Amino acid sequence: MTERLYYTDSFLYDFEAEVAEVLPGERTALVLDRTAFYPTSGGQVFDTGSLRANGSEFRVTEVAEDESGKILHYMEAPAAALKAGQKVSGAIDAARRRDHMQQHSGQHVLSAAFIELFEMPTVSFHMGEESCTIDLNAKAVSTDQIVKAESRANQIVSENRPVRVRFVSVDEARTLGLRKLPELQKDEMRLVEIKDFDLCACGGTHVAHTSQIGPILLRKTEKVKQGIRVEFVCGDRALRTARKDYATLTESAGLFSGHIYDVPPQVRKLLEEGKAAQKRQHALLEEIAELCAAELVARMPETGKFRVVQKVFADRDLTFIKLLAQKLTRYPGLVVLLGSIVTPAAVVFARSADVEADVSAFMKQAMAAVGGRGGGSKELAQGGVPDATRVASLLDEIAAQAHS
Ligand SMILES: [Zn+2]
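The rules behind each value
- Residues numbered from 1 in each chain as written.
- Predicted model: local features only at pLDDT ≥ 70, side-chain atom pairs only at ≥ 80, totals over all residues.
- Heavy atoms only, no water.
- Axes fitted to C-alpha atoms, helices over the stretch in contact; angles between N-to-C directions.
- Helix = DSSP H or I, 4+ residues; strand = E, 2+ residues; numbered from the N terminus.
- Parallel < 35°, antiparallel > 145°, perpendicular 65-115°, else oblique.
- Left-handed = near helix turned anticlockwise from the far one by under 90°.
- Contact = heavy atoms within 4.5 Å.
- Nonpolar A, V, L, I, M, F, W, Y, C, P; charged D, E, K, R; others polar.
- Buried < 20%, exposed > 50% of the residue type's maximum accessible area, 1.4 Å probe, protein only.
- Pairing = 2+ DSSP bridges.

(A) Structural view of the packing of helix α1 (residues 94–118) against helix α2 (residues 143–158). With their axes 9 Å apart at the nearest point, α1 and α2 run at an angle of 125° to one another. Relative to α2, the element α1 is oriented oblique. Judged by the sense of rotation from one axis to the other, the crossing of α1 with α2 is right-handed. Across the interface between the two elements, V109, L110, A113, F114, E116, L117 and F118 from α1 touch Q145, I146, K148, A149, R152, A153 and I156 from α2. Looking at the contact of α1 with α2 residue by residue, the class counts come to ten nonpolar, one polar and three charged.

So this is what it looks like as structure tokens:
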């Protein structure tokens, strides 16, 4: 079994080991007799780094634990380059490890704060590339509770409490009042203790003192199946996130030439103005359609049992020609054939209530002719025309059809 060096020293970044096993496959995997590489488990993600052997250096791109408890180091190396019994020097990416320690220890502090203040236990922990989350067994979490938990967690950080790792028997662990007992209980349990604040069974890598966590910043909350998900970031991530938030707000405020705190009322005002403008525009379009319809009808010669209004618009879209068709069919005795070559090009066919024609049949025929999609009722139908240059001739063809 591989000796897990990270169990007793989270700050060990360089180590010597011997290759125990080489597993060929899609990616070469190595098992070592001892390792400082942390495999993904307990919500914490794996370390990366390198292994040096015989003067060559190979990248360790992922570390995982298999069901039997073997720690697999996935290598960017051909299997033939490595042999069992070979001596290797390992180096883990220290910055990545430090980040993981900040997030994971921060999570313990935060989870304990939610218990202490609101008796909300953490049921799961996830460490992502950008941010981390815990799921709280709770029906709801208020903004006030978020602020209080964040404040308490940061207080624990600033008190610089020692974080200690120790190993106890399962029986002893049961008497200690752990925040969380793991489902899988081995003979010996590894406990992580934040002095006079939290005691928890955990296999992760942790800081030595809470001040090394750095700031703990709580972000959004959302309802999930098992409770409330709380997003958070710790340490350098918290700083980076706060910096990014500030840059985003500053850019937004710059658009209004205002202060960042004025962004919400400014956005609200813009949205209201946008809505009002849309309403005005709609009213104007109605008016234009009405006038346009009257003008088209006035110009029609009085012949036959019905008259065909046919027109292609180069500057009006489907919404408008549909509106115009509705206005036109309020006049008696009309078959309306309108087209728009504004992308995406479209046609609208309609008829007055006193005309017998079925415009959906015209539309079906038109769509078959141009390879478009459309449909509607006997009174009003619309369809898309893939090739805008076909709109005018299409209306001619349908007009000839309507007259026959
Ligand atoms: Zn943990």
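Still more to cover.
(B) Structural context of the side chain of Q107. Tracing the backbone shows Q107 in helix α1. When residues no more than four places from it in sequence are discounted, the contact partners of Q107 are T122, F125, I134, R179 and F232.

(C) Layout of unusual backbone geometry. Omega for the peptide link from T343 to P344 comes to -10°, which places this bond in the cis form. Note on placement: P344 falls in the loop between β17 (334–340) and β18 (346–351). The phi angle at N54 is positive, at roughly 55°, despite the residue not being glycine. In this fold, N54 is placed in the loop between β5 (49–53) and β6 (56–65). The class of N54 is exposed, set by a relative accessible area of 68%. Located in the positive-phi region is D196, a residue other than glycine, with phi close to 55°. With respect to the helices, strands and loops of the structure, D196 is situated in the loop between β12 (188–194) and β13 (198–201). Relative accessible area serves as the criterion here: at 67%, D196 is assigned to the exposed category.

(D) Here's a closer look at the pairing of strand β2 (residues 14–23). Two elements, β2 and strand β8 (residues 87–92), share five bridges in a ladder whose sense is antiparallel. Bridging from a neighbouring strand, F15 pairs with G90 of β8. When β2 meets strand β3 (residues 28–32), the two strands line up antiparallel, connected through four bridges. Pairing of V22 across the sheet is with L30, part of β3. Counting the residues that bridge the hairpin from β2 to β3 gives four residues.

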